[in-house]
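Survey of secondary and tertiary structure
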Amino acid sequence: EKARVGGFVETCAAFHALVAAASRAHAMRHAAPFGIGDAEPQVNFGKLHRHVRGVVEAAAAGRTAARFAALGAYVIDAEARFADRRTVVAGEHQIRARHVVVATGSATAMPEIAGLDTVEFLTPQTVFGLTRRPGRLAILGGDGEGIALAQAYRRLGVDVVVIGRDSALAKADPEAASIVLQRMRAEGVDIRMHTDVRRIERRGKSGVRLHIADRNGTEEAIDATHLLVMGERRPLTAGLDLDKAGIAFTGHGIAVDANLRTANGRVYAIGEATGAAHSTHAAAYQAALVARTILSRQRAPFNPHAVPVTIHTDPQIARIGLDEAEARAAHRHIRVLRWPYADNDRALAERRTAGFVKLVTDRNERILGVSIVGAEAGEAIGVWALALSAGLTVNDVATYVPSWPGFGEIGKRAAMAYFSEAARKTGARRLFRLPRIFG
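Read on for an overview of the structure.

Conventions and cut-offs
- Residues numbered from 1 in each chain as written.
- Predicted model: local features only at pLDDT ≥ 70, side-chain atom pairs only at ≥ 80, totals over all residues.
- Heavy atoms only, no water.
- Patch = residues over 30% accessible without salt bridge, like charges linked within 9 Å, V, L, I, M, F, W, Y side chains within 5 Å.
- Areas by Shrake-Rupley, 256 points an atom, 1.4 Å probe, with all protein chains shown as cover.
- Salt bridge = Lys/Arg side-chain N within 4 Å of Asp/Glu carboxyl O.
- Lys, Arg positive; Asp, Glu negative; His and termini not counted.
- Charge placed at Lys NZ, Arg CZ, Asp CG, Glu CD.
- Helix = DSSP H or I, 4+ residues; strand = E, 2+ residues; numbered from the N terminus.
- Pairing = 2+ DSSP bridges.
- Axes fitted to C-alpha atoms, helices over the stretch in contact; angles between N-to-C directions.
- Phe/Tyr/Trp six-rings, centres within 6.5 Å; stacked < 30°, edge-to-face > 60°.
- Buried < 20%, exposed > 50% of the residue type's maximum accessible area, 1.4 Å probe, protein only.
- Lys NZ or Arg CZ within 6 Å of the ring centre and 35° of its normal.
- Contact = heavy atoms within 4.5 Å.
- Expected span 1.5 Å × (residues − 1).
- Arc of directions from axis to C-beta.

1. Overview of a positive patch on the surface
Together, Arg85, Arg96, Arg98, Arg266 and Arg297 make up a positively charged patch on the protein surface. Mapped onto the elements, Arg266 comes out in the loop between strand 15 (253-254) and strand 16 (267-269).

2. Focus: the sheet that holds strand 9 (residues 196-203)
Strand order in this open sheet of three strands is 9-10-11, and the pairing throughout is antiparallel. The sheet is open, and its two borders are formed by strand 9 and strand 11 (219-224), each paired with just one other strand. Averaged over all pairs of adjacent strands, the angle between strand axes in this sheet comes to 20 degrees, irrespective of strand direction. Relative to strand 10 (residues 207-213), strand 9 runs antiparallel, the two being bridged by seven bridges.

3. Comments concerning the packing of aromatic side chains
Evaluated as defined, the whole model comprises three aromatic pairs. Ring geometry for Tyr418 against Phe419: centres 5.1 Å apart, planes inclined by 65 degrees, an arrangement best described as edge-to-face. You can call Tyr418 buried: its relative accessible area is 6%. The ring of Tyr418 carries the charged tip of Arg335 above its face, separated from the ring centre by 4.2 Å.

4. Description of the environment of Gly144
Looking at the element boundaries, Gly144 is found in helix 4 (residues 144-155). A residue is classified by how much of its surface remains accessible, and Gly144, at 18% relative accessible area, is buried. Between the alpha carbons of Gly144 and Gly37 there is a distance of 32 Å; along the sequence they are 107 residues apart. If we skip the residues at most four places from it in the chain, Gly144 touches Leu169 and Ile311.

5. Concerning helix 6 (residues 280-296)
Helix length check: helix 6 (17 residues) gives 24 Å between terminal C-alpha atoms against 24 Å at 1.5 Å per residue, within 8%. Inspection of helix 6 places Ala282, Gln286, Leu289, Val290 and Thr293 among the buried residues, and these make up the whole buried set. Along the axis of helix 6, the buried positions cluster into a sector of 95 degrees, meaning they face one direction only. Buried residues along helix 6 sit against strand 4 (100-102) and strand 16. Just downstream of helix 6, Arg297 is the residue with a positive phi angle, here 60 degrees.

6. Quick look at the sheet that holds strand 19 (residues 334-340)
What the five strands build is an open sheet, ordered 17-18-21-20-19; its pairing is antiparallel. Looking at the sheet topology across the chains shown, the edges are occupied by strand 17 (309-311) and strand 19. Ignoring which end each strand starts from, the neighbouring axes of this sheet average 10 degrees apart. With three bridges joining them, strand 17 and strand 18 (residues 316-321) adopt antiparallel strand pairing. Bridge pairing in strand 18 places Thr310 opposite Ala318. Across the face of the sheet, helix 5 (residues 174-186) comes into contact with strand 18, strand 19, strand 20 (356-362) and strand 21 (367-374) while running at roughly 175 degrees to strand 20.

Printed below as a string of structure tokens:
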């Protein structure tokens, strides 16, 4: 009934394929406002599984050993370890290189919960292998991926409960998170945060019973047919013999400097091996920086705030740079500007008006960070990622012309609000009247 999807890239492909299918099902149920009759979708999990597998196979096709070999890379299919500061051993091969890049990724570590080892459970790698609809799915973990999966499975007709120790979407802007969680609860997702799972036991042939307790100590038993444990991502460094290469590391990952160089100057580390955020585009960005450093000998420091982060719920959440709390902690004076989706023509036409763009700047028009919650937030954040990487000011963004009607206009209106507030000040109004006085 379940099978492992594969590596991190394939897991991401499966995740997005599932979310896309759930979005279609949701649209069918809510077509009436457009003058189209609502229809309850007939979700066939067998066919859904084939859709997911097809997307995974297409994504994996460009990442085979044969393709890399065709591009001129020498591919060795063996586990690698360091023999000394500049020698890597892989199978029968000993490789002495001027530079080495460690990109071993991470693995999911399961939480220590009494009874977890006595029941069957799904992981982020096996959940996409489901070919039959779960009766009730319990998800342990309220991070972005867990919450997005909860919403997707609910839209596919599954009864879903989410259980987590911390706040749901804790890494997102709190205002943005509240909009998403309100939508999910309205759709029927049972969200239990600040809750501990005391123990788990088998119920029936394949079901589970979770004994939980909230922050007040009130205990409750929750039954489910399927259990998905999101777990914690931990870097894969065991077996590399990093100490033989003089590379400093901890349980949180390999220690690197701003240029992603380890304590061994010949060795770099990128991606999840460093304990950084778990995203393929962040690792790809780091890989490009390391390649530039090695090939051109020009230092290219990694800026984690230059990497956009998107949570693929509906509405989506996206951010780049500092959030409001981080900006207040780092800067004495900031300005927070907002513009709602409800004031956008495209959002009105598509009836996707929930959300806003929040822009955080300093007093000198410098953009510190942007948070977006709303339709296509992951796409709308792109212009802001470019703005931060290019050092553009809020004035630069206010003067660009986005497509119309489009969601990008919301960001521009937020930027224009910076100057609208200034125009309302008495001194500014007097200044604007000068041309009238002198003709």
